[in-house]
Structures are given as structure tokens and as C-alpha cells.
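# Chain and residue survey
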Amino acid sequence: MESLVINLLFEWIEKNQLSSSQLQVLKDDNQNNKYPLAFKNNCNLLQKKLDILPLLYPKINLLFNQLKLTNKTNNLHNLWYFWLPLALELADKKSQQSHPLTIGILGGQGTGKTTLTKILPLIWQHLNLSNVGFSLDDLYKTYHERQKLLEIDCRLIWRGPPITHDVQLGIKILNKLQQRQYPVAMPRFDKSLYHGSGDCIYNSEIVTQGEMIIFEGWFVGVKPVTEKAFIKPPYPIVTKEDKQFALDCNERLKEYIPLWEKLDYLIILNPEDYKYSLQWRKKAEHKMIKGGKTGMNDKEIEQFVHYFWKALHPDIYIKPLTKNPEITDLVININYDHCISKIYRPTC
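Below is a summary of the structure that appears in this document. Fair warning: this is a prediction, and the values are worked out from it, not measured in the lab.

Counting its secondary structure elements, the protein chain contains twelve helices and eight strands. Over its C-alpha trace the protein chain gives a radius of gyration of 21 Å, about what one expects of a compact globule, namely 20 Å for 348 residues. Dimensions along the principal axes, computed over C-alpha positions, put the protein chain at roughly 70 × 45 × 45 Å. Within the protein chain, the proportion of its 348 residues that are buried is 50%. Within the protein chain, contacts between residues separated by at least 24 positions form 75% of all contacts whose residues are at least 6 apart in sequence. Carbon and sulfur atoms provide 50% of the accessible area of the protein chain, an area that totals close to 17400 Å².

So, in C-alpha cells, the structure goes:
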């Protein structure tokens, strides 16, 4: 059924016309598709998707090429069944409130975070909705501040764990964006500075509008857990030192709660197996090295990834969030090939 739908959509994009029987196929599919977006059952959804698709597709296809997503059938499938309904649902949610909508996206490398944060704004542009996006990375403390942190805590060998961000800056930015106190000066993190240690560049971008706000990062929305979670912690939290580092990171998460409370909607891009991130990172580094760039060897990659698992282990923090409807609005499961395998709303 879905393959027939995709063929009809390609025809619609090319000719901008469908027979009554072809349209009925799309109507039937619209009522019976497996994706749990609440907006899908709206009687106007199909027509809205059809209206926007021919106008949107040329720009989206260009973006696909830039992102090196070459499977056109799979791309259109995701656009029709996931990205478009999600963008429309979020636009509908925005219409129900007076202030801008703040969407948190939690996801690591390889989960499609970059794709999602680029496609949603393209769709919103066709709905005349302005948008602004920034990352948890953009809230890193300055290089010199992080060097001082390292002097205090020698375990902070890499940027990323809780305490390495300027949380108050994030709250200040979201307050201004949500209250439309323009212009808003946005910080941007440049990882090329200080020989790869990176530094935050303040006032590098001035924002004057943004009804849809995207805030993404590898632990956006993650909250502290009870110490019971560390009685028998998962690998690689093995030694007493590992456990203490994990406990300290858990305590430091408390500072981030006021920032997460600014979110209106939380999406989790969730690998079916969190260990995929290690394999994905190795493949990415191998590709970089093959292309003549500098990269880490496998042992260095394992040490790097394990460091972040020790800080905030996915089984301890993200797995519970995927089942918590009070915090999480939508979970997108990602398989090893980086494709969407399941979309669902958490239930109690």
C-alpha cells in the first residue's frame, strides 16, 4: 500500500493532478497509516499535505542532496508520513498559544537530528512561520571557563557533560525569544577554535523573529534520577571512580531543570540500541580518515563514547524518558541504517 502511495505522490509532484480513484487511495491510507501523530486524523490533513508537497519538494530535494540522502523513495516516504505531519501538528499547536512554540529535540550522532532540524524549518517557511534554532552546544561555557573547570575537576577532559554549559544564558535566550524581545543576540559554538577545543562566539547572529523555536542537543530534557539507578549501573560504569563521576553528573543535572521547563514539546530520536552510537561514530571517523582528514582510531573512539555513557548513560536517562508521557511528546526509533523504524507517543 505504501509503495503505491509513494508512486502516486511522485506523479502528483510531477503533474499536479490525480484521478478520483488515486485520490481515494490516498484518503484510505491517510486514515489507516501506522504513524501516531494526533494531527493525522484531522480531515484537512491530506489536503494540506497535497497542497504543500509540489511547492516544497524542489527545496527539500535540494536539501536531501546536500545531506547526501540519495534514496528518493525513502526520502519521500519520510516526508509524507513523518516530517510533513509533524511540522503541521507543531504549527497547529503553535496556533493554539499566543507565544512562540519551543520544541526540544533530544538525539545523538546518527539519529537524524541534523536532518530534522533542517527539514522542519523548510516546511514552516511554506506555512509563513518564522523559526530560529540553536543547540545545547551553543551554550558551552567559554574555553577559558572550561579550562578553569578542568583545574577544579580533572575528570572534565571533554566538553559536553553537565556543568560545561552556561545554563543561565540558555534561559535568558529562551525567555527573550518566547517573549519576542527582539533583537536577540544568539551565541554559536565554533569547535575549530583552540585546536579543536572550541569556543563560544557571543552575538555572532542577531535574530529578529522566530515563532517556532528549535532547541536540540544530546541530553536536552534529561533530568536527574534517584541513586537507586546506580546500585548496579550498566557498562561502562564499572569502577568506583566511574560510579562517582556518574553520580556527580546526575547531581549537576539539577541546574538544567529550569532550562528544560522552557520546552513546550519534546521529541526523542532514539536508537533501537544505544550501542549503535559507538558503531556509527567509528564509521564516521573511518570515513573521515579515508578522505584524508584527521580522525580517532577505534580505541580512542571507544574511550570517547564510553566517557559520555559514564556521564549520562542512555539506559539510565533516555530509556525512562521514552516511556514518560509527562515529559516526552514523541519518540522516533532509529534502526542501524539510520532509518525510522517506529514512531510513538509514550503512555503510562
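From this point, things continue past the structure.
Let's shift gears to the packing of helix 8 (residues 240-252) against helix 11 (residues 298-311). Viewed as axis vectors pointing N to C, helix 8 and helix 11 meet at an angle of 60°, and their least axial separation amounts to 7 Å. On the basis of the axis angle, helix 8 is oblique to helix 11. Taken together, the residues of helix 11 that come into contact with helix 8 (itself represented by Asp-242, Phe-245, Ala-246 and Cys-249) are Tyr-307, Lys-310 and Ala-311. Here the contact of helix 8 with helix 11 is composed, by residue class, of five nonpolar, no polar and two charged.

A full pass over the atoms with the stated rule returns 20 aromatic pairs. A ring pair is formed by Phe-134 and Phe-215, whose centres lie 4.7 Å apart and whose planes are at 20°; its orientation type is stacked. You can see Phe-134 sitting in strand 2 (residues 131-135) and its partner Phe-215 sitting in strand 5 (residues 212-217), a full 81 residues away along the chain. In terms of burial, Phe-134 and Phe-215 fall into one category: buried. Feature note: the residues Phe-134, Trp-158, Phe-215, Trp-218, Phe-219, Phe-245, Tyr-256, Trp-260, Phe-304, Tyr-307 and Phe-308 constitute an aromatic cluster, connected by ring pairs. The side chain of Arg-146 reaches across the aromatic face of Tyr-140, ending 5.8 Å from its centre. In this structure, Lys-342 is placed above the aromatic ring of Tyr-344, and the distance from its NZ or CZ to the ring centre is 5.1 Å.

On to the sheet that holds strand 6 (residues 265-271). Taken in spatial order, the six strands of this open sheet run 2-5-1-6-7-8, and their pairing is mixed. Edge strands, defined here as strands with exactly one partner in the open sheet, are strand 2 and strand 8 (340-344). Between one strand and the next, the sheet's axes are offset by a mean angle of 15°, whatever the strand orientation. Relative to strand 5, strand 2 is paired through five bridges, and the arrangement is parallel. Paired with Val-132 across the strands is Ile-213, a residue of strand 5. Contacting strand 1 (101-106), strand 5, strand 6, strand 7 (330-334) and strand 8, helix 4 (residues 72-95) crosses the sheet at an angle of about 160° to strand 6. Sheet strands in contact with helix 5 (residues 113-126) are strand 1, strand 2, strand 5 and strand 6, and its direction is about 175° off that of strand 5.

This part is about the packing of helix 3 (residues 45-66) against helix 5. Contact geometry for helix 3 and helix 5: axes closest at 10 Å, N-to-C directions at 150°. On the basis of their axis angle, the class for helix 3 and helix 5 is roughly antiparallel. Note that helix 3 runs across helix 5; the crossing there is right-handed. Contacts from Ile-52, Leu-55, Leu-56, Lys-59, Ile-60, Leu-63 and Phe-64 in helix 3 reach Lys-118, Ile-119, Leu-122, Ile-123, Gln-125 and His-126 in helix 5. By residue class, the composition of the contact of helix 3 with helix 5 is nine nonpolar, two polar and two charged.

Moving on to helix 6 (residues 143-152). Within the span of helix 6, buried status applies to Tyr-143, Arg-146 and Leu-149. Projected down its long axis, helix 6 carries its buried residues within an arc of 115°, all on one side. Every exposed residue of helix 6 that faces more than 90 degrees away from the buried side is listed here: Lys-148, Glu-151 and Ile-152. The inward-facing, buried residues of helix 6 abut strand 3 (184-190) and strand 4 (199-207).

We now examine the environment of Trp-158. If you trace the backbone, Trp-158 turns up in the loop between helix 6 and helix 7 (167-178). With a relative accessible area of 30%, Trp-158 lands in the partly exposed category. Sequence separation between Trp-158 and Ser-197 is 39 residues; the distance between their C-alpha atoms is 8.3 Å. Discounting residues that sit within four places of it in the chain, Trp-158 has contacts with Gln-303, Phe-304, Tyr-307 and Phe-308.

Glancing now at the environment of Gln-109. By secondary structure assignment, the location of Gln-109 is in the loop between strand 1 and helix 5. Taking the C-alpha atoms as reference points, Gln-109 and Ser-277, separated by 168 residues in sequence, lie 6.6 Å from one another. Once residues lying within four places of it in the same chain are set aside, the contact partners of Gln-109 are Trp-280, Arg-281 and Ala-284. One polar contact links Gln-109 to Arg-281, side chain to side chain, over a distance of 3.3 Å.

The rules behind these values
- Residues numbered from 1 in each chain as written.
- Predicted model: local features only at pLDDT ≥ 70, side-chain atom pairs only at ≥ 80, totals over all residues.
- Heavy atoms only, no water.
- Helix = DSSP H or I, 4+ residues; strand = E, 2+ residues; numbered from the N terminus.
- Rg over C-alpha atoms; globule rule 2.2 N^0.38 Å.
- Buried < 20%, exposed > 50% of the residue type's maximum accessible area, 1.4 Å probe, protein only.
- Contact = heavy atoms within 4.5 Å.
- Areas by Shrake-Rupley, 256 points an atom, 1.4 Å probe, with all protein chains shown as cover.
- Axes fitted to C-alpha atoms, helices over the stretch in contact; angles between N-to-C directions.
- Parallel < 35°, antiparallel > 145°, perpendicular 65-115°, else oblique.
- Nonpolar A, V, L, I, M, F, W, Y, C, P; charged D, E, K, R; others polar.
- Phe/Tyr/Trp six-rings, centres within 6.5 Å; stacked < 30°, edge-to-face > 60°.
- Lys NZ or Arg CZ within 6 Å of the ring centre and 35° of its normal.
- Pairing = 2+ DSSP bridges.
- Left-handed = near helix turned anticlockwise from the far one by under 90°.
- Arc of directions from axis to C-beta.
- Polar contact = N/O pair within 3.5 Å; in protein donor to acceptor, adjacent residues only side chain to side chain.

Just distances and angles here, no functional claims.
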